[in-house]
Amino acid sequence: LIRSVAIIGSGMSGLTAATRLKDAGVSVVLFEKSRGPGGRLAAKRVGDGAIDIGAQYFTIRSDDFREFLDTYAGKDCYAQWDGKLRYQTPDKRWTAFRASTRYVGVPRMTAISRALSAGLDIRFETRISHLARDENQKWLVFDADEQVEGHFDAVIVTTPPAQARDLMIDSGLDISLQDPVFHDYPLQACWTVAARFSEPVPFDGDGLSAEHPILQWAANNSSKPGRASKADGGVEGDWWVLHARADWSEMHQHASADWVREQMLNGFAEVIDAPVRAEESRIHRWLYAKTASDQKAPGHRWYPVLRVGLCGDWLQGGRVEGAFESAGSLLDELRQRGAIR
Ligand code: FAD
């Protein structure tokens, strides 16, 4: 029976796995390289408010996901977003998005990860560099300063695939070379700009998916529920979040932030066909943002001899709900094998 697990990463998949394992009576420690939980459920602070710079919204297709959120995060930390979303057809006509119920964290995406992390043992600002076995065949996890961070029966890696592969290689584990999974479901880059416009942006909608060589997505963050206006102590003006296309972001991964920002803001003006000017902006480069392939992924990986598992959105078709499902399918396998209760 597995009694202790180290989980690397505290995004939606790591938090789900930790919560479920804790419920099963397993002792869990999460290691997170950033200062807070959430991973790509991310928000950037501006003034007293925050702008969602990672996942823009999420779906709740399964009752299981809803029950999990309501039980462990609470109904108050997320809400339906009724934003009017439009996409551009190849001949540049604007069309309504497929009807779907979309949700966001309130007052920011990270409200969910913050709530889920309460009561979990998370070591922040701890980047795990490699794993090694101790004399009892338990896992030692090492941080970037070569400090040992404990002895565990099993390790679950929830980082994007390229980082998971590096961790395996640096730990001398051959699975990184033998298992094609690390290559088959890559995540692609995404340059992100959050920009504040003092005048309402002249676009008939709250979010858009564009046919444009640079810009892929734009959304009015201020249209989401619970984002306080300046008068209520929130951000001033309308903040829009712009995401560049994956191919453009990959090509310009190493370009200067100022140049990228200008290209993206100009692209936005072109897409909405209006000469809008941002009052201020923030920029963020995601090296690993969204899945590149629509191929059906295996859900998770468990290497029983090593007692190492992988889960994350990339193993379950991308998306926040996919990250949740991936952790769930890994735990199902552990239960079926009798490794946990
Ligand atoms: P992550 O959230 O990436 O978690 C991995 C964690 O591991 C991170 O916190 C990272 O800091 C940590 N980590 C990495 N390496 C180490 C290490 N060596 N040691 C310690 N910690 C480490 N999904 C949707 O459903 N809808 C959307 O609209 C949407 N839009 C998106 C837009 C953008 C720009 C981005 C970036 C993502 C978007 N997504 C969207 C995808 C969604 O955010 C992800 O599917 C989901 O958040 C992934 O969760 P995860 O736990 O699998 O991975």
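The structure we're discussing is the one just above.
Residues numbered from 1 in each chain as written. Predicted model: local features only at pLDDT ≥ 70, side-chain atom pairs only at ≥ 80, totals over all residues. Heavy atoms only, no water.

Caption draft 1: The arrangement of the overall build of the chain in detail. The helix and strand inventory of the chain stands at nine helices and 20 strands. A compact globule built from 341 residues should have a C-alpha radius of gyration of about 20 Å, and the chain, at 21 Å, falls within 12% of that. Taking all 341 residues of the chain together, 53% fall into the buried category. Across the chain, every contact between residues at least 6 apart in sequence was considered, and the portion connecting residues at least 24 apart equals 70%. Carbon and sulfur atoms provide 45% of the accessible area of the chain, an area that totals close to 15,600 Å². Considering the chain, the positive charge centre built from 41 side chains and the negative charge centre built from 46 side chains are found 2 Å apart. (Helix = DSSP H or I, 4+ residues; strand = E, 2+ residues; numbered from the N terminus. Rg over C-alpha atoms; globule rule 2.2 N^0.38 Å. Buried < 20%, exposed > 50% of the residue type's maximum accessible area, 1.4 Å probe, protein only. Contact = heavy atoms within 4.5 Å. Areas by Shrake-Rupley, 256 points an atom, 1.4 Å probe, with all protein chains shown as cover. Lys, Arg positive; Asp, Glu negative; His and termini not counted. Charge placed at Lys NZ, Arg CZ, Asp CG, Glu CD.)

Caption draft 2: Looking closely at the pattern of salt bridges. With the rule as written, the count across this model stands at 17 salt bridges. One salt bridge in this structure joins Glu280 and Arg282, with 3.2 Å as the shortest N-O distance. Asp332 is the salt-bridge partner of Arg335, the closest N and O atoms lying 4.0 Å from each other. Remark: Asp332 and Arg335 occur in helix α9 (residues 320-336); sequence separation between them is three residues, near one turn of the helix. (Salt bridge = Lys/Arg side-chain N within 4 Å of Asp/Glu carboxyl O.)

Caption draft 3: Focus on the site of the ligand. Contacts to the ligand come from 35 residues, most closely from Ser13, Glu32, Arg40, Tyr57 and Asp313. Contact between the ligand and Gly39: an oxygen atom at 3.5 Å from a main-chain N or O atom of the residue. Secondary-structure elements contributing two or more residues to the shell around the ligand are α1 (12-23), β18 (280-291) and α9. Element by element, the count of residues in the shell around the ligand is highest for β18, at three residues. (Near = heavy atom within 4 Å. Polar contact = N/O pair within 3.5 Å; in protein donor to acceptor, adjacent residues only side chain to side chain.)

Caption draft 4: Summary view of the sheet that holds strand β1 (residues 4-8). Spatial ordering of the open sheet is given by β9-β2-β1-β13-β20-β19, a layout of six strands whose pairing is mixed. Single-partner strands in this sheet number two, and they are β9 (122-123) and β19 (301-303). Note: strand β2 (residues 27-31) against β9, two bridges, orientation parallel. Looking across to β9, one finds that Leu30 is bridged to Ile122. Along the sheet face, α1 touches β1, β2, β9 and β13 (154-157) and points at about 165° away from the line of β2. (Pairing = 2+ DSSP bridges. Axes fitted to C-alpha atoms, helices over the stretch in contact; angles between N-to-C directions.)

Caption draft 5: View of the sheet that holds strand β11 (residues 139-143). In spatial order, the strands read β10-β11-β12; together these three strands make up an open sheet with antiparallel pairing. The outermost strands of the open sheet, each flanked by one partner alone, are β10 (128-133) and β12 (148-152). Taking each pair of neighbouring strands and ignoring which way they run, the sheet shows an average axis angle of 20°. Pairing of β11 with β12, which is carried by three bridges, proceeds in the antiparallel orientation. Paired with Trp139 across the strands is Phe152, a residue of β12.

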